[in-house]
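Remarks on the overall topology
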Amino acid sequence: MVVQSRKERLRGVLNKIRLERHTTLEELARFFQVSTATIRRDIKRLEQDSTVLQTVGGGVIYKADKAGALAPGPMIQAVEEKIRIAEYCTELVRDQDDILIGPGTTTFLTGKIMSGIEDRHFRLITSSVELALEAGVSENIRLVLLGGEVWNKYVVDPRVGRGGYFDSCHREHTTILSADGIHRDQGITFFESRLVPLVQAMISVSTRVILVADSRKFGKARFNRVANLDDLSYVVTDEKAPQEYLDLFRSRGIEVHLV
């Protein structure tokens, strides 16, 4: 990944560490195609903001790990594309927005990056316990953690129609939606059926639905449909997305942003 300026690289380094939680100077240098000395200087700069910490032996961790947010694991697929997609979504945040963050890797990263916005005031409404722990410290962001049963670090029972958030909120939200599959006939699909009621409740109170997904998801249909393509307002994806899908979205009045 080649960036044009140090400011852009610092942002990219921070977002990559946020996503992976644990990495090394050597891995960052390879990813950004710079020397380890350059990355070491970048990490020292980020350490001044108390966001990352370099460990003995060249390791780098995201300091929010002290809250136990994520266990270390293998690097997820399409990490570069996911970072670009998530970063672009910060441009779609309006002052005083109410933003629902759906479940998924890309949406999780989008919410984490949004938690670093300082020039706008807005609410983040999430079912992710991990995201709530991190975004809740921002002074300009009001954080709402949805109530209900927790499964795999997500609230999966939004208590729709039983006095919960969706039963009493206004209907002018923005939903950031991810997908396991995007198919022209089957729509937006998920593997996990327990997440479907939550996501559908989010969409039902939203005037803007922003799909964030890398190009690997297109042309695939999974087990559970959560939305139709016509429910979407925006699609943010990478430049490898199939042209037939881009044309299909645009023909239905859906804005497409390639990053």
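Residue numbers here run from 1 along each chain, matching the order of that chain's written sequence. For this predicted model, a pLDDT threshold of at least 70 governs which residues receive local features, and a threshold of 80 or more governs which side-chain atom pairs are given and counted, while totals over whole chains, interfaces and linings are taken from all residues. Excluding hydrogens and water, the side-chain figures rest on all heavy atoms present in the structure.

Let's talk about the confidence of the model for the protein
Confidence in the prediction for the protein averages 83 pLDDT; 85% of positions are at 70 or higher. Confidence scores here are pLDDT values: one per residue, from the predictor, ranging 0 to 100. What makes two residues a contact is simply this: any of their non-hydrogen atoms within 4.5 Å. Note on residues 64-76: pLDDT under 50 across the span, and 20 contacts to partners over four residues away in sequence or across chains.

A look at the nonpolar core
If you look at the biggest cluster of nonpolar residues, it comprises 48 residues, and the most contacted ones within it are Ile 188, Leu 232 and Phe 249. Setting aside residues up to four positions removed in sequence, Ile 188 forms contacts with Leu 177, Ser 178, Ala 179, Gly 181, Ile 182, Leu 211, Asn 224, Arg 225, Val 226, Ala 227, Leu 229 and Leu 232. Listed in part, the 20 residues of the second largest apolar core include Leu 10, Leu 19, Leu 46 and Ala 86. For our purposes a nonpolar core is just a set of buried Ala, Val, Leu, Ile, Met, Phe, Trp, Tyr and Cys residues, chained together by side-chain atoms within 4.5 Å. The cut-offs for exposure are 20% and 50% of the maximum accessible area for each residue type, with area from a 1.4 Å probe on protein chains only; residues under the lower value are buried, those over the upper are exposed, and the others partly exposed.

Remarks on the sheet that holds strand S10 (residues 181-183)
For two strands to pair, DSSP has to find at least two bridges joining them. The numbering of helices and of strands both runs from the N terminus, where a helix is a DSSP run of H or I of at least 4 residues and a strand a run of E of at least 2. The strand order across the open sheet formed by 3 strands is S10-S11-S13, and the pairing between neighbours is antiparallel. The open sheet terminates on both sides in strands that have one partner only, identified here as S10 and strand S13 (224-227). Sheet twist, expressed as the average angle between the axes of neighbouring strands with direction ignored, equals 40°. Where S10 lies against strand S11 (residues 187-190), 3 bridges are found, and the strand directions are antiparallel. When the bridges of S11 are listed, His 183 appears paired with Gly 187. With axes taken as lines fitted to C-alpha atoms, and helix axes fitted only over the stretch in contact, angles between N-to-C directions fall between 0 and 180 degrees. Running over the sheet, helix H8 (residues 196-204) touches S11 and S13 and is turned about 15° from S13.

Comments concerning a nonpolar patch on the surface
Exposure above 30% relative accessible area and the absence of a salt bridge qualify a residue for a patch, where like charges join within 9 Å and nonpolar side chains (Val, Leu, Ile, Met, Phe, Trp, Tyr) within 5 Å. Here the open area of atoms and residues is found with the Shrake-Rupley method and a 1.4 Å probe, where only the protein chains shown may cover a residue. When a carboxyl oxygen of Asp or Glu is within 4 Å of a side-chain nitrogen of Lys or Arg, the pair counts as a salt bridge. A surface patch of nonpolar side chains, amounting to about 310 Å² of accessible area, comprises Val 129, Leu 133, Leu 145 and Val 150. With respect to the helices and strands, the residue Val 150 is situated in strand S7 (residues 150-151). The exposure class assigned to Val 150 is partly exposed, which follows from its relative accessible area of 49%.

Remarks on the environment of Thr 175
Mapped onto the elements of the fold, Thr 175 is located in strand S9 (residues 173-177). Residue Thr 175 is classed as buried on the basis of its relative accessible area of 1%. If near-sequence neighbours (up to four positions away) are discounted, Thr 175 is found in contact with Leu 100, Met 202, Ile 203, Ser 206, Arg 208, Val 209 and Ile 210. Pairing of N or O atoms within 3.5 Å defines a polar contact, subject to two protein rules: one partner must be a possible hydrogen donor and the other a possible acceptor, and residues neighboring in sequence count only if both atoms are side-chain atoms. Separated by 3.2 Å, the side chain of Thr 175 and the backbone oxygen of Met 202 make a polar contact.

Examining the pairing of strand S15 (residues 255-258)
Summarising the sheet, strand S14 (residues 234-237) and S15 pair through 4 bridges and their orientation is parallel. For Val 235, the partnering residue across the bridge sits in S15 and is Val 256. A crossover counts as right-handed when, viewed with the strands pointing away from the observer, the path leading from the first strand over the helix to the second turns clockwise. A crossover links S14 with its parallel partner S15, the connecting element being helix H9 (residues 243-251), and its sense is right-handed.

Details of the packing of helix H2 (residues 25-32) against helix H3 (residues 36-48)
Remark: H2 packs on H3, axes separated minimally by 9 Å, with the N-to-C direction vectors making an angle of 110°. Comparing their axes, H3 and H2 come out roughly perpendicular. Contacts between H2 and H3 pair Leu 25, Glu 26, Leu 28, Ala 29 and Phe 32 from the former with Thr 36, Ile 39, Arg 40 and Ile 43 from the latter. As a working rule, the residues Ala, Val, Leu, Ile, Met, Phe, Trp, Tyr, Cys and Pro are called nonpolar, Asp, Glu, Lys and Arg charged, and the rest polar, with Gly in that last group. Looking at the contact of H2 with H3, its residues break down into 6 nonpolar, 1 polar and 2 charged. Roughly parallel means an angle under 35 degrees; roughly antiparallel, over 145; roughly perpendicular, 65 to 115; everything else is oblique.

Let's talk about the pattern of salt bridges
Here the structure, examined in full by the defined rule, presents 13 salt bridges. Asp 119 is paired through a salt bridge with Arg 120; the nearest N and O atoms lie 2.9 Å apart. Under the relative-accessibility criterion, Asp 119 is labelled exposed at 61%. Since its relative accessible area comes to 18%, Arg 120 is described here as buried.

Points about the packing of aromatic side chains
Each aromatic pair joins two rings of Phe, Tyr and Trp (for Trp, the six-membered one) with centres within 6.5 Å, and gets the label stacked for planes under 30 degrees apart, edge-to-face for over 60, and tilted for any other angle. A complete count under the given rule lists 6 aromatic pairs for this structure. Taking the centre distance of 5.0 Å and the plane angle of 75° together, the rings of Phe 31 and Phe 32 count as edge-to-face. Exposure remark for Phe 31: the relative accessible area of 13% places this residue in the buried category. For the pair Phe 191 and Phe 223, a centre-to-centre distance of 5.8 Å together with 55° between the ring planes defines the contact as tilted. You can see Phe 191 sitting in the loop between S11 and H8 and its partner Phe 223 sitting in the loop between strand S12 (206-212) and S13, a full 32 residues away along the chain. Look at Phe 223 and you get exposed, because its relative accessible area is 69%. An aromatic cluster is defined as three or more aromatic residues linked by ring pairs; in this entry it consists of Phe 218, Tyr 245 and Phe 249. Sitting above the plane of the Phe 31 ring, Lys 16 keeps its charged end 4.5 Å from the centroid. Our definition puts a charge over a ring when NZ of Lys or CZ of Arg is within 6 Å of the ring centre and also within 35 degrees of the ring normal.

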